[in-house]
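Okay, here's what each chain looks like letter by letter:
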Amino acid sequence: MQRAAKRDQHDRRDQREQRVKGLHRVLVGAAVVPAMLVAVGCSSDSGSDDGAGNDSAKTSASTSETSASPSPTVQAATYKSLPQACKVLAKKTLEDLVPKAKSGKAHASDDDSTRGSCSWSSLDDNGVKGSQFRWLNVSLLRFESDVTRGSGDKLAREYYESQLQGARSVSGAKNVKSEPVAGVGDEATAVRYDLKKKEGAFKQETIVARVENVVVSLDYNGAGYAGDKTPSADSLNKLAQKAAKEVVAAVTKANGSGSAGTPSSAPSKSASKSPSKSPSGSPSKAASASPSKSAAKKS
C-alpha cells in the first residue's frame, strides 16, 4: 500500500512537469510569431522602397528624353536690314512725283532696321491759274522669324493683306478699284480711289508690295487747287508703280540681293534670336499702320 501511494505521487508529479513543459512551448511559439510578422513587414517595406526607386528612375529617364528633344525651329528671315526710307527713290523719280518737294521728312522709328517711313509734299502754285498739290509717302516694315508666330515671310504676308484691307476700306473713298502689279517684289497690289475733301477732289493711289519678309507701302495722291484740274488717276498710278518698283529694288540692294526688284532665293543662314519688337508685337501699330488713311490726313 505504501509503495502504491508513492507511485501515485510520482505519477502526479510527472504529469505536472509535462503540463509546465507544454505551457513553456506554447509561450515560446507565441513569441516567435510576432517576430516573424515583423520580419515580413520589413520585407514588404523594402519592396515598396524598391518600387518608388523604379518610379523615380523612370521619371528621371523621361525627363532626360524630353530635354533631349530638339527645340522648335522656324525658317530664318531672308532680309536682315532696311535702306533709309528717305533715300529709296532717285532724284529724277522724286522730281516726277513731287516736283516742288525740297526734301523728304523722315518719321521717327524705334528701330531703323525693322521700320522706316518718309514723306514728301509738293505744291506747284500758279496763283490765279490754280495750283497742283502732290503728296508721297513710303513706308517699310521688316519682319523677323519667330518660333511662336511663324517665319518672317508668313508674318509679312499677313501684314500685306491687312494693309490692302485698310487701303480698300478708307472712310469716304469713292470708286475704289484694285489690281495686281507685275514685276514688283513677290506680290504687289495697287488700290485707287477718289476722295472729296474741303481742299478739293483728291485722287489716291496706294501700292502695297511684299518682297520676302519686307512690306512696302507707297501712298501717292494729288489734287487741283483754286480751280485747277484734278490730276489723272492713270498718270498717278503709272508714277506710283514706277516708284514702288524702285523702293523694292532698294530693299533687295540693301541686303546684297541685286537691284532688279527680284530678291535672292537663298535665305539667311540664321534667324535673329529675338524678333524685332515692333513687327512681332502688333504690325497694325507700325509707322504707317494705314498708309491710305495717313495719306488722306496729310493731304
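No experiment lies behind these values; they were computed from the predicted model shown. (Residues numbered from 1 in each chain as written. Predicted model: local features only at pLDDT ≥ 70, side-chain atom pairs only at ≥ 80, totals over all residues. Heavy atoms only, no water.)

Colleague: Any chance you could break down the sheet that holds strand E4 (residues 174-180) for me, citing the residues and the numbers?
Modeller: Read across the sheet, seven strands follow the order E1-E2-E3-E7-E6-E5-E4 without closing on themselves; strand pairing throughout is antiparallel. Strands at the two margins of the open sheet, each flanked by one partner only, are strand E1 (105-106) and E4. Relative to strand E2 (residues 115-125), E1 runs antiparallel, the two sharing two bridges. Opposite Ala-106, over in E2, you have Cys-118 as the bridge partner. This element, helix H3 (residues 152-168), spans strand E3 (131-142), E4, strand E5 (187-197), strand E6 (200-211) and strand E7 (214-225) of the sheet and lies at about 25° to E5. (Pairing = 2+ DSSP bridges. Helix = DSSP H or I, 4+ residues; strand = E, 2+ residues; numbered from the N terminus. Contact = heavy atoms within 4.5 Å. Axes fitted to C-alpha atoms, helices over the stretch in contact; angles between N-to-C directions.)

Colleague: Break down H3 for me, citing the residues and quoting the values.
Modeller: Over its 17 residues, H3 extends 24 Å from the first C-alpha to the last, a length consistent with the 24 Å expected when each residue adds 1.5 Å. Taken as a whole, H3 has its buried residues at Gly-152, Asp-153, Leu-155, Ala-156, Tyr-159, Tyr-160, Gln-163, Leu-164, Gly-166 and Ala-167. (Expected span 1.5 Å × (residues − 1). Buried < 20%, exposed > 50% of the residue type's maximum accessible area, 1.4 Å probe, protein only.)

Colleague: Describe the pairing of E2, and please don't skip the residues or the numbers.
Modeller: Direction of pairing for E2 relative to E3: antiparallel, over a ladder of 11 bridges. Looking at the pairing, Leu-123 lines up with Phe-133 of E3.

Colleague: Now, about the side chain of Glu-205: what can you tell me, with residues and values included?
Modeller: Mapped onto the elements, Glu-205 comes out in strand E6. Note on Glu-205: relative accessible area 1%, which makes it buried. At 2.9 Å, the side chain of Glu-205 forms a polar contact with the side chain of Asn-237. Setting aside its immediate chain neighbours within four residues, Glu-205 contacts Val-191, Arg-192, Leu-218, Asp-219, Tyr-220, Ala-233, Leu-236, Asn-237 and Ala-240. (Polar contact = N/O pair within 3.5 Å; in protein donor to acceptor, adjacent residues only side chain to side chain.)

Colleague: How would you explain the packing of aromatic side chains if you had to name every residue and give the values?
Modeller: A complete count under the given rule lists four aromatic pairs for this structure. Counting every residue linked through ring pairs, the aromatic cluster contains Phe-133, Phe-202 and Tyr-225. When the ring centre of Phe-202 is taken as reference, the NZ or CZ atom of Lys-197 above it lies at 5.1 Å. (Phe/Tyr/Trp six-rings, centres within 6.5 Å; stacked < 30°, edge-to-face > 60°. Lys NZ or Arg CZ within 6 Å of the ring centre and 35° of its normal.)

Colleague: Tell me about the pattern of salt bridges, residues and numbers included.
Modeller: Within the structure shown, the criterion is met by 11 salt bridges. Between Lys-154 and Glu-158 there is a salt bridge, with its nearest N and O atoms 2.7 Å apart. Here Lys-154 and its partner Glu-158 are both found in helix H3, four residues apart, which amounts to about one turn of the helix. For Lys-154, a relative accessible area of 32% translates into the label partly exposed. Ionic pairing is found between Arg-192 and Glu-205, a salt bridge with its closest N-O pair at 3.4 Å. With Arg-192 in strand E5 and Glu-205 in strand E6, this residue pair connects regions lying 13 residues apart in the sequence. An identical accessibility class is assigned to Arg-192 and Glu-205; each is buried. Because the salt bridges share partners, they merge into one network encompassing Lys-80, Arg-142 and Glu-144. (Salt bridge = Lys/Arg side-chain N within 4 Å of Asp/Glu carboxyl O.)

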